[in-house]
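# Examination of the molecular architecture
Take a look at the letters that make up each chain.
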Amino acid sequence: MLVLVAPGQGAQTPGFLTPWLELPGAADRLGAWSDAIGLDLAHYGTQADADAIRDTAVAQPLLVAAGLLSAAALGDIAPGAVAGHSVGEITAAAYAGVLDDTAALTLVRKRGLAMAEAAAITETGMSALLGGDPEVSVAHLEKLGLTPANMNGAGQIVAAGTMEQLAALGEDKPEGVRKVVPLKVAGAFHTHHMGPAVEKLAEAAKELVPADPTVAYVSNKDGRTVTTGTEVLERLVGQVANPVRWDLCMETFKELGVTALIEACPGGTLTGLAKRALPGVKTLALKTPDDLDAARELVAEHA
């Protein structure tokens, strides 16, 4: 059973879309999406520097566009389940047929703008904790006023809060944690700091008419499989200020009988977690079009 997953913010790097735009039709599709949302995706995916694509309002639509382009390049595939980490849930909603590509990009553009506005209210950020016991780490984070915004499994938790709180975490790591790594994101996503963005996204969602998923859609709110488009959309709105439970998503993949996992461009983060948490499952990250042949072989064997 094949699972197709989409990464979240922070996975982008300068120029990462350049080789994908050499594929037939890719530049035209990206151009049409750019016109639809008023953002030059080709420029940001090929020419912009790291600071420019770190901007939440840019990074989020760029990641969804990359996920859609790379998955489309695989051809007409039938995964057993789809899921996304953070903003990758919007990409996964398109994979599942809940939203068409233009609707997904329109929603993520509004999401990115709303979250950037919310992040500008207070200087906040996120840091990854590597290693340690989850219960010990969560208790320590709460003592410092931080939120365990991403429970990623495989020994990784992402903390979110003010820069002062994160600085305190750097000086006072939880017992057993090997390292605290600041992430390249522009705010404390999936925390109460994103409350204003939830309200704006709820308004944007009213303009959409979601379809029910055509494949199993695994929600990162709680790892549950969601069966109606209405609930998928509700969860996409609420998850902006709710923790990401990728650990529970991977538990659901196990229960569904996953044998292979493909991560859309810019892949690497989620396959890394899967290698540690899902032993025996074949994984592949779509980083460039050079990975497509191996991905198609995996599809043929497991989809």
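Residues numbered from 1 in each chain as written. Predicted model: local features only at pLDDT ≥ 70, side-chain atom pairs only at ≥ 80, totals over all residues. Heavy atoms only, no water.

## Digging into the sheet that holds strand β4 (residues 147-153)
What counts here: Here, a strand pair is defined by DSSP locating no fewer than two bridges between the strands. Strands are runs of DSSP state E lasting at least two residues, helices are runs of H or I lasting at least four, and both sets are numbered from the N terminus onward. Interaxial angles span 0 to 180 degrees and are taken between N-to-C directions of axes, which are lines fitted to C-alpha atoms, for helices over the stretch in contact. Contacts: residue pairs with any heavy atoms within 4.5 Å of one another.
Spatially, β4-β5-β3-β6 is the arrangement adopted by the 4 strands of the open sheet, whose pairing is antiparallel. Two strands lie at the open edges of the sheet, namely β4 and β6 (177-182), each paired on one side alone. Taking the axes of each pair of neighbouring strands and ignoring which way they run, one obtains an average angle of 25 degrees across the sheet. Relative to strand β5 (residues 156-162), strand β3 (residues 124-131) runs antiparallel, the two sharing 7 bridges. Across the sheet, the residue bridging to glycine 125 is glycine 161, located in β5. Docked against the sheet, helix α7 (residues 134-143) engages β3, β4, β5 and β6, running at close to 5 degrees with respect to β5.

## Let's talk about the packing of helix α4 (residues 56-73) against helix α6 (residues 101-119)
Keep this limit in mind: We call two directions roughly parallel when the angle between them is under 35 degrees, roughly antiparallel when it is over 145, roughly perpendicular when it lies between 65 and 115, and oblique otherwise. The handedness criterion is simple: a crossing whose near helix is rotated anticlockwise from the far helix by less than a right angle is left-handed, and one whose near helix is rotated clockwise is right-handed. Only Asp, Glu, Lys and Arg are considered charged, only Ala, Val, Leu, Ile, Met, Phe, Trp, Tyr, Cys and Pro nonpolar, and every remaining residue, Gly among them, polar.
One can describe the packing of α4 onto α6 by two numbers: an axis separation of 7 Å at closest approach and a directional angle of 155 degrees. Between α4 and α6, the angle is such that the two are roughly antiparallel. Considering the relative orientation of α4 and α6, their crossing is right-handed. Packed against α4, whose contacting residues are Thr56, Ala57, Gln60, Pro61, Val64, Ala65 and Leu68, the element α6 presents Asp101, Leu105, Val108, Arg109, Arg111, Gly112, Leu113, Met115 and Ala116 at the interface. In terms of residue class, the contact of α4 with α6 is built from 10 nonpolar, 3 polar and 3 charged.

## Some words on the side chain of asparagine 220
Inspection of the secondary structure puts asparagine 220 in the loop between β7 (216-218) and β8 (225-226). When near neighbours in sequence (up to four residues on either side) are disregarded, asparagine 220 contacts Gly84, His85, Ser86, Glu89, Gln239, Pro243, Val244, Arg245, Trp246 and Cys249.

## Side note on the nonpolar core
Keep this limit in mind: Nonpolar cores are built from buried Ala, Val, Leu, Ile, Met, Phe, Trp, Tyr and Cys residues. Side-chain atoms within 4.5 Å join them into one set. Note on exposure labels: buried denotes an accessible area under 20% of the residue type's maximum, exposed denotes more than 50%, and partly exposed covers the range between, all computed with a 1.4 Å probe on protein chains only.
Formed by 78 residues in total, the largest nonpolar core has its most connected members in Leu99, Leu107, Tyr217, Leu236 and Ile262. Tallying contributions element by element places α4 first for this core, with 10 residues. Leaving out residues up to four positions away in the same chain, tyrosine 217 has contacts with Val82, Glu89, Ala92, Ala93, Ala96, Arg224, Thr225, Val226, Val232 and Leu236. Ranked by size, the runner-up nonpolar core spans 18 residues in total, among them Ala81, Phe253, Leu261 and Leu270.

## Examining α7
We count it as follows: What the arc covers is the set of directions going from the helix axis to the C-beta atoms. Here a polar contact is taken to be a pair of N or O atoms separated by no more than 3.5 Å, where protein atoms must pair a possible hydrogen donor with a possible acceptor and residues adjacent in sequence count only if both atoms sit in side chains.
Among the residues of α7, those classed as buried are Ser137, Val138, His140 and Leu141. Buried residues of α7 fall within an arc of 165 degrees about the axis and therefore sit on the same side. Turned more than 90 degrees away from the buried face of α7, the exposed residues are Glu135, Glu142 and Lys143. Where the residues of α7 are buried, they touch β3, β4, β5, α8 (163-171) and β6. One side-chain oxygen at the N-terminal end of α7 lies 3.1 Å from the backbone nitrogen of glutamate 135; it belongs to aspartate 133. Phi for glycine 145, located one or two positions after α7, is positive at around 85 degrees.

Keep in mind these numbers describe shape, not what the thing actually does.
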